[in-house]
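Take a look at the letters that make up each chain.
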Amino acid sequence: MLSRISAILLLSLTLVSQGEAVLTIDITEGTEGAVSIAVVPFEWSGKTAPPVSLANIVAADLHRSGYFSPFPERDMVARPHDFKQVNFGTWRAANVDYLVAGRLQSLGDGTYQVQFQLMDVLKGTQLAGYSIRSRESDLRRTAHQMSDIIYKAITGKPGAFDTRIAYVTVTKKGKQGNVYQLAVADADGYNEQVIYESTQPLMSPDWAPDGNHVVYVSFARGRSEIYIQNIFTRKTERVADFKGLNSAPEYSPDGKRLALTLSKDGNPEVYIMDIASKRLQRITRNSAIDTEPTWMPDGKSIVFTSDRGGSPQLYQVSISNNGASGRPRRLTYEGNYNARPTVSPDGRNIAMVHREQGKFRIALLELNTGRFRVITDSRLDESPSFAPNGSMIIYATEDNYRGVLAAVSVDGRAQQKLRLKSGDVREPSWSSFKAH
Amino acid sequence: MPKFITTLFVIGMVASLAACSGLKPVEKGKGTGEAAGEKQQGDARYGAEAGGPLDIKQLDNPDSLLSVRVIYFDLDSSQVSDEGREVLSTHAQFLSAHPELKVVLEGHTDERGTREYNLALGERRAKAVQQLMLLQGVSEDQIQVISFGEERPVALDHDEAAWKLNRRVEILYSGIQ
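Residues numbered from 1 in each chain as written. Chains lettered and ligands numbered in written order. Predicted model: local features only at pLDDT ≥ 70, side-chain atom pairs only at ≥ 80, totals over all residues. Heavy atoms only, no water.

Here's the deal with the overall build of chain B
Going by this rule: Secondary structure is summarised from DSSP: a helix means a run of H or I of at least four residues, a strand means a run of E of at least two, and numbering begins at the N terminus for each. Only protein chains enter the accessibility calculation, which uses a 1.4 Å probe; a residue is then buried when its area is under 20% of its type maximum, exposed when over 50%, and partly exposed in between. The criterion used for residue contact is that any of the two residues' heavy atoms lie within 4.5 Å. Each accessible area is a Shrake-Rupley result for a 1.4 Å probe, and residues are judged covered by the shown protein chains and nothing else.
Within chain B, the secondary structure is distributed over 5 helices and 4 strands. Along chain B, helices and strands appear, N-terminal first, in the series α-α-β-α-β-α-β-α-β. When burial is assessed residue by residue, chain B has 53% of its 177 residues classed as buried. The contacts of chain B with a sequence gap of at least 6 include a subset with a gap of at least 24, amounting to 75%. Here chain B has roughly 8,300 Å² of accessible surface; of this, 54% comes from carbon and sulfur atoms.

Quick word on helix H1 (residues 54-65) of chain A
All names here are of chain A. Test applied: Here a helix's expected span is defined as the number of its residues, less one, multiplied by 1.5 Å.
Between its terminal C-alpha atoms H1 stretches 17 Å, which fits the 16 Å expected from 12 residues at 1.5 Å a residue. When you tally the buried positions in H1, you get 11 out of 12 residues, the bulk of the element. For H1, the full list of buried residues reads Leu54, Ala55, Ile57, Val58, Ala59, Ala60, Asp61, Leu62, His63, Arg64 and Ser65. Gly66 sits one or two residues past H1 and shows a positive phi near 90 degrees.

Things to note about the confidence of the model for chain B
Residues and elements named next belong to chain B. We count it as follows: A residue's pLDDT is the confidence the predictor assigns to it, expressed on a 0 to 100 scale.
Model confidence for chain B is summarised by a mean pLDDT of 79, while 72% of its residues fall at 70 or above. Element-level pLDDT for chain B is lowest in helix H1 (residues 2-18), with a mean of 39, against a maximum mean of 98 in helix H4 (residues 115-135). Below pLDDT 50 for its whole length, residues 1-44 participates in 45 contacts with residues either more than four positions away or in separate chains. Across the assembled chains, the prediction reports ipTM 0.90 with pTM 0.86.

Section: the packing of helix H3 (residues 82-97) of chain B against H4 of chain B
All names here are of chain B. Note the threshold: Helix axes are fitted to C-alpha atoms over the stretch in contact, other axes to C-alpha atoms as well, and angles between N-to-C directions run from 0 to 180 degrees. Convention used here: angles under 35 degrees read as roughly parallel, angles over 145 as roughly antiparallel, angles from 65 to 115 as roughly perpendicular, and any remaining angle as oblique. Each crossing gets its handedness from the near helix: less than a right angle anticlockwise from the far helix is left-handed, clockwise is right-handed. Classes in brief: Ala, Val, Leu, Ile, Met, Phe, Trp, Tyr, Cys and Pro nonpolar; Asp, Glu, Lys and Arg charged; the others, Gly included, polar.
Contact pair H3 / H4: the axes reach a minimum separation of 9 Å and the direction vectors enclose 50 degrees. Considered as vectors, H3 and H4 are oriented oblique to each other. When you trace H3 past H4, the crossing you get is right-handed. Residues Arg85, Leu88, His91, Ala92 and Leu95 of H3 lie in contact with H4, whose contacting residues are Val129, Leu132 and Met133. Each residue belonging to the contact of H3 with H4 can be placed in one class, and the counts come to 6 nonpolar, 1 polar and 1 charged.

Some points on the pairing of strand S14 (residues 225-230) of chain A
Residue and element names in this part refer to chain A. Put simply, the rule reads: Here a strand pair is declared whenever DSSP counts at least two bridges between the two strands.
Among the 6 residues of S14, 6 are classified as buried, and the element is accordingly described as predominantly covered. By the alternation rule, side chains of S14 split into Glu225, Tyr227 and Gln229 and Ile226, Ile228 and Asn230, which are all buried. Between the antiparallel neighbours strand S13 (residues 213-218) and S14 lie 6 residues, among them Gly222 with a positive phi of about 100 degrees. By the bridge criterion, 4 bridges tie S14 to strand S15 (residues 236-240) in an arrangement that is antiparallel. Residue pairing for S15: Gln229 is matched across the bridge by Thr236. Linkage of S14 to S15, two consecutive antiparallel strands, is achieved through a turn of 5 residues, within which Arg234 is found at a positive phi near 70 degrees.

Notes on unusual backbone geometry
Residue and element names in this part refer to chain A. One non-glycine residue, Ala248, lies in the positive phi region at around 55 degrees. The class for Ala248 is buried, based on a relative accessible area of 6%. One non-glycine residue with positive phi stands out, namely Gln357, at about 50 degrees. If you trace the backbone, Gln357 turns up in the loop between strand S25 (349-356) and strand S26 (359-366).

Overview of helix H3 (residues 139-155) of chain A
All names here are of chain A. In this model H3 runs 24 Å from its N-terminal to its C-terminal C-alpha over 17 residues, within 8% of the 24 Å that 1.5 Å per residue would give. The element H3 is largely enclosed, with a buried count of 12 among its 17 residues. Buried residues of H3: Leu139, Arg140, Thr142, Ala143, His144, Met146, Ser147, Asp148, Ile149, Ile150, Tyr151 and Ile154, and no others. Looking one or two residues beyond H3, the residue adopting positive phi is Gly156, at roughly 85 degrees.

Concerning the sheet that holds strand S10 (residues 178-186) of chain A
All names here are of chain A. Spatially, the 4 strands line up as an open sheet ordered S11-S10-S9-S32, and their pairing is antiparallel. The strands lining the two open edges of the sheet, one partner per strand, are strand S11 (193-198) and strand S32 (424-430). Averaged over all pairs of adjacent strands, the angle between their axes in this sheet comes to 20 degrees, without regard to strand direction. The sheet contact formed by S10 and S11 spans 5 bridges and is antiparallel. When the sheet's bridge partners are listed, Gln181 is paired in S11 with Glu197.

Remarks on the pattern of salt bridges
Defined as follows: For this analysis, a salt bridge means a side-chain nitrogen from Lys or Arg found within 4 Å of a carboxyl oxygen belonging to Asp or Glu.
Under the criterion given, the structure shown has 35 salt bridges over all chains. Measuring nitrogen to oxygen at the nearest pair gives 3.0 Å for the salt bridge that ties Asp76 of chain B to Arg355 of chain A. You can see Asp76 of chain B sitting in the loop between strand S1 (70-72) and H3 and its partner Arg355 of chain A sitting in strand S25, one on each of two chains. Residue class for Asp76 of chain B comes out partly exposed when judged on its relative accessible area of 38%. Judged by relative accessible area, which is 11%, Arg355 of chain A ranks as buried. Among the salt bridges present, the one from Asp110 of chain B reaches Arg167 of chain B, with a minimum N-O distance of 2.9 Å. Taken together, the residues span a long stretch of sequence, with Asp110 of chain B in the loop between strand S2 (102-108) and H4 and Arg167 of chain B in the loop between helix H5 (160-166) and strand S4 (168-174) at a distance of 57 residues. The two residues Asp110 of chain B and Arg167 of chain B agree in class, both being buried.

Below, the structure is given as structure tokens:
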């Protein structure tokens, strides 16, 4: 489906203004039938330039979703700032479906007042109107919250713009080897913060549902061990350092447990750890590799990768208070490599890494119908992670032999790439709605 | 008994090489000072005397199979090849003769496939080597297994040639070099 290349590079947003936007986003796949929305630059009465361009941030957010096509600012014949100033006829003539207009005001004490209205151009009505007070450092976040409000008002579904991503970066430092960093950033790549750095490999980050913690695997002490870190206080706790592998941690939906892989009993098996007590429950029992556990949203079963059938495939097993209940059930049969599952927030789809003709791509399995479809088209796609609203999947891929992140809408309509200025970026994990 | 046959085999292979002179002095491993005095104690130690095929100095002899410290694997596989078995047996013999030495078996994979599965696959490769070494008389406390999965490639290209070099188990002697 994605082999057709429609409207490459509709918009290229290079994020440079704060000197800390390290990820650059290119929208690489067009959005046929996208809804036209005009986000008019906000009224600003200050003598110097406004601290942020709210309209640009909102337009970029909406564009990335794949559902919207922002109306170019240079084509705007009018610049209304509220409902009363709008002449709907001129916007209708320009085929604009929705209009966003508003004001940004400095309140003098370092805080700002943001007001905006969302209007349905065809009907000539207001769909939403908000007034938000914000500190300067929170203005970008306020813009993302506006995007969420607009997205919800038009599509009926929650937006995921005011969320964050965690990822691993690798940069070469001369002959000293690599520097591995664990970073968190806003979903649009801004406000990157490095929360952990090491000269040893670093992998498998996963956000806690509370949005305050990240769990990951570090080789800092010479082998794979699992750590939980508070992203604000940076406080770190080593939670698994058993003999053998300590790998593939993933938070349970309630945030109280981890599913993880340990080989302390001989070969890789899936376990559940109660984080507070560190008590372990063994889930799998098989001489094959069992790893990459992920939770169903109801917390009642686990999907994992196992090569017990000869090649890596996905299995699902119910869990009870005593560990596994019942035998694991095989879920995938397409091809001979399906691994690293992740379940959509509504529990209906499983995204995974699928190999076809030697190439690794992201595929989706619809659990109700068994429908299986490959939704990406390069050769080293891995580590898929769903946006908390289920609309998009972020994953790692390569571009000119460099590791980059890419996002694809679940319907395959919109695609974008997020890259570093130098070095590789990989293993993205999208936060819950609560992160910040 | 299989141990004895392997010993002969290895000795046959390295006997001619052991005659080579001009070995560079190497940093001695722990306990090597006593090795010559203890050599009478058992068959496993046969050849461990100075200049013998299992002399600790052979580790640095580029003509000895002991200088080969990497065993390669096929795609998706943790099966040790015939070539790999030869390398492994030489080290197993050497380690049996030097119970004071320890090795880390470091398992690696190429970049294809998922990272966490590859971490497990790297461990499976290292354990396959470990298992064969144990069968050949190396004691369990001489071997430590660590997997790095695809995180530490030696070849950085993204093609068959690089992948082939990256699917490996490295035999790392501790306390030496």
